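Each chain is listed here by its residues.
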Amino acid sequence: MKKNIKKSVKKNPSKKNMFDFRIGFGYDIHRMTEGRDLILGGYKINYPKGMLGHSDGDLIIHSVCDAILGALNEGEIGVYFPPTDLTLMGISSGVIAERVLEILKKRRAHINQIDVTLVAEEPKIKPYYEPIKKSLAKVFKIDENRVSFKAKSMEGLGEVGRGEAMICYAVAGVILK
Ligand SMILES: [Zn+2]
């Protein structure tokens, strides 16, 4: 019986046109502090507080990178950029994204789409939807219509609600050749 099933799959002509579609999920949290730039998805926002972290603290790029690596089953950014590496102090997260794009290329894969939800209390993110979306498309070298970006607040609850941190969730769809 098993043999027959295998045979019928092999004979199915549509199988030839099927592609290998993978989905990955990423998450990141950064503490906010005064005297740091607020860079979200590669876009700089004028605000007195920014993200603490060994890079520029761009939690949107970090979570998208982790989602892509997750889709490829290639670990997470901490493997390639360990927090203990002091040379990474203050580096642009664009460098991290470049490395992830190299891994994609090596695996002959490309991004189908990314979907991002940022959880932040202040500043209000809605006015920055378009510029952040544009910036993400540029950083990850994909069409803008393949990038979804939105934000939620925590209704004043917890550390995010008190403006002490931001959280980001991301999903990436990747197609392998
Ligand atoms: Zn991070």
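The coordinates are above.
Residues numbered from 1 in each chain as written. Predicted model: local features only at pLDDT ≥ 70, side-chain atom pairs only at ≥ 80, totals over all residues.

Student: Honestly, the packing of helix α2 (residues 59-72) against helix α4 (residues 93-106) in this entry has me stumped. Any pointers?
Tutor: Where α2 contacts α4, the axes come no closer than 10 Å and their chain directions differ by 15 degrees. Looking at the two axes, α2 sits roughly parallel to α4. Crossing handedness for the pair α2 and α4: left-handed. Counting all contacts with α2, which are made through Ile-61, His-62, Cys-65, Ile-68, Leu-69 and Leu-72, the residues of α4 involved are Ser-93, Ile-96, Ala-97, Val-100, Ile-103 and Leu-104. (Axes fitted to C-alpha atoms, helices over the stretch in contact; angles between N-to-C directions. Helix = DSSP H or I, 4+ residues; strand = E, 2+ residues; numbered from the N terminus. Parallel < 35°, antiparallel > 145°, perpendicular 65-115°, else oblique. Left-handed = near helix turned anticlockwise from the far one by under 90°. Contact = placed C-beta atoms within 7 Å.)

Student: Would you mind going over the pairing of strand β6 (residues 147-152) with me for this structure?
Tutor: Each regular strand shows side chains that alternate between the opposite faces of the sheet. Side chains Val-147, Phe-149 and Ala-151 project from β6 onto a buried face, and the interleaved Ser-148, Lys-150 and Lys-152 project onto a face without burial. Sheet analysis places strand β5 (residues 109-119) next to β6, joined by 6 bridges and oriented parallel. The partner of Leu-118 across the bridge, within β6, is Ala-151. Handedness of the β5-helix α5 (residues 129-139)-β6 crossover: right-handed. (Buried ≥ 20, exposed ≤ 12 C-beta atoms within 10 Å, placed from the backbone. Pairing = 2+ DSSP bridges. Right-handed = clockwise from strand over helix to strand, strands pointing away.)

Nothing here speaks to function; it is all geometry.
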